[in-house]
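In case you want the letters, here they are:
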Amino acid sequence: MFRRVRGPTLVRPAAWLGLVVLAAGLVLGAASGQEARPGPVLMVEVEGAIGPATAARVEDAVDTARERGADVLILRLDTPGGLDASMRSIVQAVLASPVPVVTWVGPSGARAASAGTFILYASHVAAMAPGTNLGAATPVPIGGAPVPEEGSEPSAMERKVINDAVAYIQGLAEMRGRDAGFAERAVREGASLAADAARKDGVVDLLAANEAELLAMLDGRAVETATGARTLATRGAAIETLEPTWQARLLGVITDPTIAYLLLLVGIYGLILEVFTPGTFLPGVTGAICLLLALYAFQLLPVDLTGLALIALGVLLIVAEAFAPSFGALGIGGMVAFVAGSIMLMDTGVPGFAIAGPVIAGVALAGAGLLLAIVVLVTRGQKRGIATGKESLIGSAGLVRSWHAGSGRVTAQGEIWQAHGPDGLLPGQAVRIRALRGLTVEVEPDLQSPTEDAS
C-alpha cells in the first residue's frame with residue numbers, strides 16, 4: 001500500500017497580489033510619514049565679536065542638533081570678526097558636525113567680516129541676505145600691529161601668519177567647492193564682497209531675504225556631512241532658536257575684556273584690604289573670587305603678560321605710598337605703571353576685544369584721587385603736633401588743684417602732675433603747660449580760659 005503524501009499548499013495568485021499591495025502600502029506609508037515629520041530645524045544667533053563664549057555656544061548648538069536629530073542647524077551670522085582661536089574652534093565643530101550646518105548672513109545690514117568669512121566658507125551651505133557683505137579677513141597680529149601697507153615688505157612673522165590663514169581658508173573653499181580666489185584676496189588684500197557679487201562669483205550658495213525663503217531654498221538640497229550624504233527636508237518646518245545656557249551667559253560676561261579687567265582690580269584691592277584689616281573676611285573672600293574669575297577669563301583671552309605685571313606693580317606702588325610716604329614719588333610711578341599696563345593688557349586690534357578707554361580713564365582718575373588723599377593726609381599728619389605720650393603735655397591746658405610758694409599740683413589730660421610756676425596761682429585757676437622736666441611740669445597762667453572749681 002502506498003500512503004498519499006500531501007504536497008505543499010500553493011498560495012493563490014490573488015493572495016500573492018494582496019501581500020505585495022499590503023507591503024507596498026506599508027513602505028509608502030512609512031515614507032510619507034517621514035516626509036510629513038521632518039527633523040527639527042534649529043537656529044543659533046552668532047552676533048558681535050567672536051570669542052570664547054561664542055565658540056562654546058556654537059559647539060553646544062552642534063551637540064544639541066546631533067542629540068535631537070535635527071535636519072538642519074542654522075547659524076545666523078552678524079560679526080565684525082574676532083579671535084583666531086575661537087574662530088578655529090567653531091570651524092572644527094562645523095566640519096565635524098553630522099548635522100548639516102547652514103550659515104546665513106542676515107538680516108539685511110549684517111556682515112561676515114574677518115573670522116566670519118572663515119565660518120561662512122566652512123559651512124555646508126553658505127547663504128546671505130541682500131544688503132550684507134563678507135570679507136576683510138586679513139589676520140590682525142596680537143598687540144594691534146598695523147597690516148603692512150601696499151608695496152611695503154611684510155616681516156617674516158607677518159608672512160607666516162598671512163600664509164597660514166590663506167592656506168586655511170583655501171582648504172575650506174576646496175572642501176565646499178567655493179571660490180578660492182576671493183578667499184585668498186580676502187586674506188592677503190582685505191577684499192570684501194556684497195551679497196549679490198558673492199552669489200554670482202560662487203562664494204556663497206544662496207541668496208535669501210529671510211528665514212522662510214531660506215528654508216524653501218534648502219528643501220531637497222543634498223550636502224556632504226562628516227557622516228555621509230544628507231538630503232535636506234525643510235519644507236514646512238518651523239525654526240527653533242536655541243537660547244544660550246547659563247554657563248554660556250556667564251562665560252560671555254566674564255570674558256568681556258572690560259569686565260575681566262574690573263574683576264582683576266576688585267580682586268587685587270580686596271586682598272590688599274584683607275591684609276591690612278584682618279578679620280573682616282568680606283574683602284578677602286570677594287577679592288579671591290573676583291581674582292580667580294579674572295584669571296580664568298585671561299587664560300581664554302589674548303592677554304599681554306607685561307601689561308598684567310605693570311598693573312600689579314602700579315597698584316602695589318600706590319598702596320606703598322600710604323605706608324612709606326614719599327610725597328607722591330611712589331604713587332606717581334604707580335599711576336604711570338598702572339595706566340600703561342591697562343592700555344597694553346588686551347590691545348588686540350580686534351573689534352570688541354580691547355578694554356574700553358573710558359573705563360581705564362575712570363579707574364586712573366579714581367587712583368589719582370586716592371593718591372592725592374594719601375599725600376594730603378600724610379602732610380597734615382606731619383604738621384600736626386605730638387598727640388600721644390608725655391611730650392603731648394607741652395602746650396596742653398591744665399587746672400590748678402593746690403598751690404603754695406611756686407609749686408603744687410595740677411590736673412592735665414586726666415592726670416595729676418607735680419608742677420612748678422609763678423607764685424600766686426590759685427586752686428581752680430587755668431594754666432598752660434610750657435615744659436616737662438622728668439615727672440614735673442612747668443606751667444604758666446592761661447588768661448584765656450576761665451577759672452574752675454579744682455575740687
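Keep in mind that what you see is a predicted model, and the values were worked out from it rather than measured. (Residues numbered from 1 in each chain as written. Predicted model: local features only at pLDDT ≥ 70, side-chain atom pairs only at ≥ 80, totals over all residues. Heavy atoms only, no water.)

A. Representation of the overall build of the protein in the model. Each helix and strand in the protein was counted, giving 14 helices and 16 strands. Buried positions account for 40% of the 455 residues belonging to the protein. Across the protein, the fraction of contacts at a sequence separation of at least 24, relative to all contacts at a separation of at least 6, is 65%. Looking at the protein as shown, the accessible area adds up to about 24,300 Å², and 61% of this sits on carbon and sulfur atoms. (Helix = DSSP H or I, 4+ residues; strand = E, 2+ residues; numbered from the N terminus. Buried < 20%, exposed > 50% of the residue type's maximum accessible area, 1.4 Å probe, protein only. Contact = heavy atoms within 4.5 Å. Areas by Shrake-Rupley, 256 points an atom, 1.4 Å probe, with all protein chains shown as cover.)

B. The nonpolar core, seen in detail. Ranked by size, the top nonpolar core spans 50 residues in total, and within it Leu73 and Leu134 carry the most contacts. Ignoring any residue separated from it by four or fewer positions in sequence, one finds Leu73 in contact with Leu42, Met43, Val44, Ala61, Val62, Ala65, Val99, Pro100, Val101 and Val102. Counting 24 residues, the second largest nonpolar core, distinct from the first, contains Leu83, Ile254, Ala294 and Ala297. (Core = buried A, V, L, I, M, F, W, Y, C linked by side-chain atoms within 4.5 Å.)

C. Structural detail: the pattern of salt bridges. Tallied over the entire structure, the rule returns 13 salt bridges. The shortest N-O distance in the salt bridge between Asp63 and Arg66 comes to 3.1 Å. On the criterion of helical spacing, the pair formed by Asp63 and Arg66 is a turn pair, its members being 3 residues apart in helix α2 (residues 52-67). In this structure, Arg434 and Glu442 form a salt bridge, with 3.8 Å as the shortest nitrogen-oxygen distance. Its relative accessible area of 19% is what places Glu442 among the buried residues. Via salt bridges that share partners, Glu45, Glu47 and Arg76 belong to a single interconnected network. (Salt bridge = Lys/Arg side-chain N within 4 Å of Asp/Glu carboxyl O.)

D. Representation of the sheet that holds strand β14 (residues 415-420) in the model. Strand order in the closed barrel made by the 5 strands is β12-β13-β14-β16-β15, with mixed pairing throughout. The mean angle between the axes of side-by-side strands here comes to 50 degrees, regardless of whether they run parallel or antiparallel. As paired elements, strand β12 (residues 397-404) and strand β15 (residues 430-437) share 3 bridges and run antiparallel to each other. Its bridge partner lying in β15, Ala397 is registered against Arg432. (Pairing = 2+ DSSP bridges. Axes fitted to C-alpha atoms, helices over the stretch in contact; angles between N-to-C directions.)

E. Seen up close, the confidence of the model for the protein. Averaged over all residues, the pLDDT of the protein equals 83, while 81% of them reach at least 70. Mean pLDDT per element in the protein: helix α1 (residues 13-36) is the minimum at 48, and strand β3 (residues 101-105) is the maximum at 97. In the model, residues 25-36 has pLDDT below 50 throughout and makes 0 contacts with residues more than four positions away in sequence or in other chains. (pLDDT = per-residue confidence, 0-100.)

F. Main features of the side chain of Asp205. Mapped onto the elements of the fold, Asp205 is located in the loop between α7 (195-200) and β8 (206-207). Taking relative accessible area as the criterion, Asp205 reaches 16% and is therefore assigned buried. Look past the residues within four positions of Asp205 in its chain and what remains in contact with it is His124, Val125, Ala126, Arg178, Arg199 and Arg221.

G. Focus on the packing of helix α3 (residues 84-95) against helix α4 (residues 115-122). Orientation of α3 relative to α4, taken along the N-to-C sense of each, is 10 degrees, at an axis distance of 9 Å. Overall, the two elements α3 and α4 adopt an arrangement that is roughly parallel. The segment α3 lies against α4, with Met87, Ile90, Val91, Val94 and Leu95 engaging Ala115, Phe118, Ile119 and Ala122. Grouping the constituent residues of the contact of α3 with α4 by class yields 9 nonpolar, no polar and no charged. (Parallel < 35°, antiparallel > 145°, perpendicular 65-115°, else oblique. Nonpolar A, V, L, I, M, F, W, Y, C, P; charged D, E, K, R; others polar.)

H. Summary view of helix α5 (residues 156-176). With 21 residues, α5 should reach 30 Å at 1.5 Å per residue; the first-to-last C-alpha distance of 31 Å fits that figure. Along α5, the positions that sit buried rather than exposed are Ile162, Ala165, Val166, Ile169, Leu172, Ala173 and Arg176. Buried residues along α5 cover an arc of 130 degrees about the axis, so they all sit on one side. For α5, the exposed residues set more than 90 degrees away from the buried face come down to Met157, Lys160, Glu174 and Met175. Packing partners of the buried residues in α5 comprise α3, α4, α6 (180-188) and β9 (222-225). Where α5 ends, the next residue or the one after it, Gly177, has phi of about 70 degrees, a positive value. (Expected span 1.5 Å × (residues − 1). Arc of directions from axis to C-beta.)

I. Geometry of the sheet that holds β3. Spatial strand order, β8-β5-β3-β2-β1-β11: 6 strands in an open sheet with parallel pairing. Looking at which strands have only one partner, the edges of the open sheet turn out to be β8 and β11 (239-241).

J. View of the environment of Arg432. With respect to the element layout, Arg432 can be found in strand β15. C-alpha separation for the pair Arg432 and Ile394, spaced 38 residues apart in sequence, amounts to 8.2 Å. Ignoring any residue separated from it by four or fewer positions in sequence, one finds Arg432 in contact with Gly395, Ser396, Ala397, Glu442, Val443, Glu444 and Asp446. Among the polar contacts made by the side chain of Arg432, one reaches the main-chain carbonyl oxygen of Gly395 at a distance of 2.9 Å. A polar contact of 2.9 Å, which involves the side chain of Arg432, links it to the side chain of Asp446. (Polar contact = N/O pair within 3.5 Å; in protein donor to acceptor, adjacent residues only side chain to side chain.)

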